[in-house]
Amino acid sequence: MLKVTLIAGSTRPEASTTRLCEYIARLLKEQGHEAEVFDLQQHPLPLYGPGEAYGHEEVLKLSAAAKGADALVLATPEYHGSLSGVLKNALDFLNSESFNNKVVLAANSAGGQVGTASLLHLQTIVRNLHGINCPEWISIGGAQREFDQDGNPADEGVELRIRTAVASFIELAVKLTNEK
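Residues numbered from 1 in each chain as written. Predicted model: local features only at pLDDT ≥ 70, side-chain atom pairs only at ≥ 80, totals over all residues. Heavy atoms only, no water.

Asks: Would you take a moment to explain the pairing of strand β2 (residues 34–39) for this structure?
Replies: A regular strand places its side chains so that they alternate between the two faces of the sheet. Looking at chain direction, strand β1 (residues 3–8) and β2 are connected through six bridges and run parallel. Its bridge partner lying in β2, Val4 is registered against Ala35. (Pairing = 2+ DSSP bridges. Helix = DSSP H or I, 4+ residues; strand = E, 2+ residues; numbered from the N terminus.)

Structural data, given as structure tokens:
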């Protein structure tokens, strides 16, 4: 069993990024894994900086959730060809203790059809924190960002793509966790 922390990097209520994280968490739980969504809209962080900010209650919660996980999912809306400022701010509070040798799945929700720039930026950050990027990633855009009232992707193709990426993520994370 894996313990997975999913960080939802949007501040919009009912954000498609957060709904994507909630759906991935449900898939993980259905397969017997533990999954916690750390929603940055529900857990506002101070701006990153040295000093007292590291002792902020929400920063301590984020750090504990990331360090305690076997694997991570980072999800962001794509803003101006990059990740959201709130997710970048959150990642700045974390260090390699949170990522070292952990598999990380990158996901995004883009206003256009798909957005890969933010995913590439996330993978660069993960690499610099000594995490292991999952070879799959998830990008939903445009009408693909729709979820039904039960929290499932409205489009069957999108649901299959998410399930495929999550299966690859789980497979790699289980292999690496068992080797530790």
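Structure's up, so let's keep going.
Asks: Just checking my understanding: could you explain helix α2 (residues 57–67) for this structure?
Replies: Those residues of α2 lying buried are Glu58, Val59, Leu62, Ser63, Ala65 and Ala66. All buried residues of α2 project into a common sector of 165 degrees when viewed along the axis, lining one side. Away from the buried face of α2 by more than 90 degrees, exposed residues Glu57 and Ala64 are located. Summarising the contacts, the buried residues of α2 are in contact with β1, β2, β3 (71–77), α3 (85–93) and α4 (96–99). (Buried < 20%, exposed > 50% of the residue type's maximum accessible area, 1.4 Å probe, protein only. Arc of directions from axis to C-beta. Contact = heavy atoms within 4.5 Å.)

Asks: In this structure, what is going on with unusual backbone geometry? I would like to understand it.
Replies: Excluding glycine, residues mostly carry a negative phi; peptide bonds, for their part, are mostly trans. Positive phi, close to 50 degrees, is recorded for His80, a residue that is not glycine. On the secondary structure map, His80 appears in the loop between β3 and α3. Relative accessible area serves as the criterion here: at 85%, His80 is assigned to the exposed category. If you check the backbone angles, His130 has positive phi at about 70 degrees while not being a glycine. With respect to the helices and strands, the residue His130 is situated in the loop between α5 (117–128) and β5 (132–133). Classification of His130 by relative accessible area gives partly exposed; the value is 46%.

Asks: I tried to follow the layout of surface pockets on my own but got confused; where do I start?
Replies: In this structure, the largest pocket spans a volume of roughly 150 Å³. Taken together, the residues that form the lining of the largest pocket break down as four nonpolar, five polar and three charged. (1 Å grid on protein atoms, 1.4 Å probe; cavity = no way out; pocket = protein on both sides within 12 Å on 5 of 7 lines; lining within 4 Å. Points joined across faces, edges and corners; volume = space filled by probe spheres on them. Nonpolar A, V, L, I, M, F, W, Y, C, P; charged D, E, K, R; others polar.)

Asks: Looking at this model, I keep getting lost on the environment of Lys88. Mind explaining?
Replies: The residue Lys88 is located in helix α3 in this model. Given the relative accessible area of 35%, Lys88 is considered partly exposed. Among all residues touching Lys88, those that are not within four sequence positions of it are Leu83 and Ile125. In this structure the side chain of Lys88 is engaged in a polar contact, spanning 2.4 Å, whose partner is the side chain of Asp92. (Polar contact = N/O pair within 3.5 Å; in protein donor to acceptor, adjacent residues only side chain to side chain.)

Asks: It is not clear to me how the nonpolar core should be interpreted in this structure. Could you clarify?
Replies: Side chains of a nonpolar character, in soluble globular proteins, are inclined to be buried together. Counting residues in each nonpolar core, the largest one holds 29 residues, and the members touching the most others are Leu6, Ile24, Leu28, Ile138, Ile162, Val166 and Phe169. If sequence neighbours within four positions are ignored, Ile162 has contacts with Leu20, Tyr23, Ile24, Leu27, Ile138, Ile140 and Pro153. By size, the runner-up hydrophobic cluster in this structure holds 26 residues, among which are Leu83, Ala106, Leu122 and Ile125. (Core = buried A, V, L, I, M, F, W, Y, C linked by side-chain atoms within 4.5 Å.)

Asks: Before we go on, may I ask you to explain the pattern of salt bridges in this structure?
Replies: Two side chains bearing opposite charge may form a pair once their charged atoms approach each other closely. In this structure the tally under the stated criterion is eight salt bridges. Here Arg26 makes a salt bridge to Glu30, at a shortest N to O gap of 4.0 Å. Residue Arg26 and its partner Glu30 are both found in helix α1 (residues 16–30); the two are separated by four residues, about one turn of the helix. Look at Glu30 and you get exposed, because its relative accessible area is 53%. Among the salt bridges present, the one from Asp92 reaches Lys88, with a minimum N-O distance of 2.4 Å. Taken together, the positions of Asp92 and Lys88, both in helix α3 and four residues apart, correspond to about one turn of that helix. The exposure class of Asp92 is partly exposed, given its relative accessible area of 28%. (Salt bridge = Lys/Arg side-chain N within 4 Å of Asp/Glu carboxyl O.)

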